[in-house]
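Below are the chains, spelled out letter by letter.
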Amino acid sequence: MFQNNDSSFMDQIQKKTNVKPDDLMKLANSVSNTNLQDEKAVRQLIAQVARLAGKPVSKEKEDQIVKAITNNDMPMDFASLAKMFNKK
């Protein structure tokens, strides 16, 4: 399924996150098939990611993420995303 370089990259992700490559691919497919303007669908996606990562998402954080995604106001660079997710 993955080429050699892709496989080692996926292995590194699995080591750091404890998420299996197949689960990551299922998540990627799920994201590509989700209407990101549909609040209910976005909330389901957030719950799926939280379960996969084994990390709880507070209602407040979920609301912030949903608002950012549905308003097309989601930052696309890692620094901005990290800053958004680390806000208290």
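Residues numbered from 1 in each chain as written. Predicted model: local features only at pLDDT ≥ 70, side-chain atom pairs only at ≥ 80, totals over all residues. Heavy atoms only, no water.

Chemist: I'd like a description of the pattern of salt bridges, backed by residues and values.
Modeler: Applying the stated criterion across every chain yields a total of 4 salt bridges. Here R43 ties to E62 by a salt bridge, and the two come within 2.6 Å at their closest N and O atoms. Here E62 lies in helix α4 (residues 59-70) and R43 lies in helix α3 (residues 39-53), a separation of 19 residues in the sequence. A salt bridge links D63 to K59, with the shortest nitrogen-to-oxygen separation between them at 3.3 Å. Placement of both D63 and K59 in helix α4 is noted, with a separation of 4 residues, approximately one turn of the helix. When its relative accessible area of 30% is taken as the criterion, D63 is described as partly exposed. When its relative accessible area of 52% is taken as the criterion, K59 is described as exposed. Connected through salt bridges with shared partners, the residues E39, R43, K59, E62 and D63 form a single ionic network. (Salt bridge = Lys/Arg side-chain N within 4 Å of Asp/Glu carboxyl O. Helix = DSSP H or I, 4+ residues; strand = E, 2+ residues; numbered from the N terminus. Buried < 20%, exposed > 50% of the residue type's maximum accessible area, 1.4 Å probe, protein only.)

Chemist: How would you sum up the packing of α3 against α4? Please name residues and give values.
Modeler: At their nearest, the axes of α3 and α4 sit 10 Å apart, and the two run at 125° to each other. Taken together, the axis directions place α3 and α4 in an arrangement best described as oblique. Judged by the twist between their axes, the crossing of α3 over α4 is right-handed. Contacts between α3 and α4 involve E39, V42, R43 and I46 on the former and, on the latter, K59, E62, D63, I65, V66, I69 and T70. Residues that form the contact of α3 with α4 fall into these classes: 5 nonpolar, 1 polar and 5 charged. (Axes fitted to C-alpha atoms, helices over the stretch in contact; angles between N-to-C directions. Parallel < 35°, antiparallel > 145°, perpendicular 65-115°, else oblique. Left-handed = near helix turned anticlockwise from the far one by under 90°. Contact = heavy atoms within 4.5 Å. Nonpolar A, V, L, I, M, F, W, Y, C, P; charged D, E, K, R; others polar.)

Chemist: Mind laying out the packing of helix α2 (residues 21-32) against α3, listing which residues take part and the relevant values?
Modeler: At a closest axis distance of 11 Å, the pairing of α2 and α3 adopts a crossing angle of 170°. Here α3 runs roughly antiparallel to α2, going by the angle between their axes. Within the contact between the two elements, α2 uses D23, L27, S30 and V31 and α3 uses L45, Q48, V49 and L52. In terms of residue class, the contact of α2 with α3 is made up of 5 nonpolar, 2 polar and 1 charged.

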